[in-house]
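# Residue-level structural notes
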Amino acid sequence: FARLAEFILRCSNNLATNLLINRLGVNTINNHLADPATLDLQVTRIHRYMLGGPSIHGNASASQDRAQGWENLSTPNEMVKLLRKVLQDNILSDDSEENFWRIMRLDGDTFPNNKSYIAAEVTPLFNPRIDVYNKPGSLGDPGVDSRHVNADAGRFSFPDGQEVLIALFMDYVSDDPDELLQ
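Everything in this summary refers to the structure shown in the same document.

Another point: the overall build of the protein chain. Counting secondary structure elements, the protein chain contains seven helices and three strands. The secondary structure elements of the protein chain, listed N-terminal to C-terminal, are α-α-α-α-α-α-α-β-β-β. Burial analysis of the protein chain (182 residues in total) assigns 33% to the buried set.

Here strand β2 (residues 149–157) pairs with strand β3 (residues 163–170) via eight bridges, running antiparallel. Within the sheet, the bridge partner assigned to Ala151 lies in β3 and is Phe169. Between the end of β2 and the start of β3, which pair antiparallel, lie five residues, with Gly161 showing a positive phi angle near 95°.

A word on the packing of helix α2 (residues 14–24) against helix α3 (residues 26–34). Packing of α2 against α3 leaves a shortest axis separation of 6 Å and a crossing angle of 90°. Judged by the inter-axis angle, α2 sits roughly perpendicular to α3. Only Val26, Thr28 and Ile29 of α3 make contact with α2, whose side of the interface consists of Leu20, Ile21 and Leu24. The residue makeup of the contact of α2 with α3, split by class, is five nonpolar, one polar and no charged.

Under the criterion given, the structure shown has three aromatic pairs. Both rings, one in Trp101 and one in Tyr133, keep their centres 5.6 Å apart while their planes meet at 80°; by these two values the pair is edge-to-face. Of the two residues, Trp101 sits in helix α6 (residues 94–105) while Tyr133 sits in strand β1 (residues 131–139), which places them 32 residues apart along the sequence. The exposure classification of Trp101 matches that of Tyr133, with both residues buried. Seen in terms of ring centroids, Phe156 and Phe158 are 6.5 Å apart; in terms of plane orientation they differ by 65°. Their pairing is edge-to-face. Residue Phe156 is classed as buried on the basis of its relative accessible area, which comes to 13%. Exposure remark for Phe158: the relative accessible area of 27% places this residue in the partly exposed category. Above the face of the Tyr133 ring, Arg155 is positioned so that its terminal group lies 4.3 Å from the ring centre.

If you walk across this open sheet you meet the three strands as β1-β2-β3, and the pairing is antiparallel. In the strand order of this sheet, the two ends are held by β1 and β3, each with one partner. Recorded for the sheet is a direction-independent mean angle of 5° between the axes of neighbouring strands. With nine bridges connecting them, β1 and β2 associate as antiparallel partners. Directly across from Val132, in β2, lies its bridge partner Phe156.

Moving on to the environment of Leu165. Topologically, Leu165 is positioned in strand β3. C-alpha of Leu165 to C-alpha of Ala153: the two residues are twelve residues apart in sequence and 7.7 Å apart in space. Those residues in contact with Leu165, other than ones at most four positions away along the chain, are Val80, Leu83, Arg84, Leu87, Gly154 and Arg155.

Thresholds applied
- Residues numbered from 1 in each chain as written.
- Predicted model: local features only at pLDDT ≥ 70, side-chain atom pairs only at ≥ 80, totals over all residues.
- Heavy atoms only, no water.
- Helix = DSSP H or I, 4+ residues; strand = E, 2+ residues; numbered from the N terminus.
- Buried < 20%, exposed > 50% of the residue type's maximum accessible area, 1.4 Å probe, protein only.
- Pairing = 2+ DSSP bridges.
- Axes fitted to C-alpha atoms, helices over the stretch in contact; angles between N-to-C directions.
- Parallel < 35°, antiparallel > 145°, perpendicular 65-115°, else oblique.
- Contact = heavy atoms within 4.5 Å.
- Nonpolar A, V, L, I, M, F, W, Y, C, P; charged D, E, K, R; others polar.
- Phe/Tyr/Trp six-rings, centres within 6.5 Å; stacked < 30°, edge-to-face > 60°.
- Lys NZ or Arg CZ within 6 Å of the ring centre and 35° of its normal.

The structure is reproduced here in structure tokens:
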């Protein structure tokens, strides 16, 4: 499980995610997410495999599940709540927590991830000594898919010991400052 989780966090590996979903089961995952004694997340749910995977709903693929409206859900608030539980509430063993933050800290511009991310672009503007632990993600093709989403969730650790947890979800992002969003 630890190796699959590393591939999921480090390089957004859909196969690793799908193997974990298949091994644990959607209901087990969703029940754990909702359980008030553990995570107590009310919105975050798995409703389909990651793209490239099989269908949960009788279609030919997870892509067709998505086309029919079955989407995995979360909110920025719940992502921060989850990160807070890892950082402050000891929901992971000491070794697992250390591994979690080690993986989250890996440079997003280094193989196999090769993704730029919001935190890496913004943090040097404030203080290059800020440690950034984060997981970016995106879904959909911005030129084709009307439901294109970019997201980033993580932790800033400041030199004075302060910690800031963040989560940003954006439905559509353009690099063109002259493009008007509707």
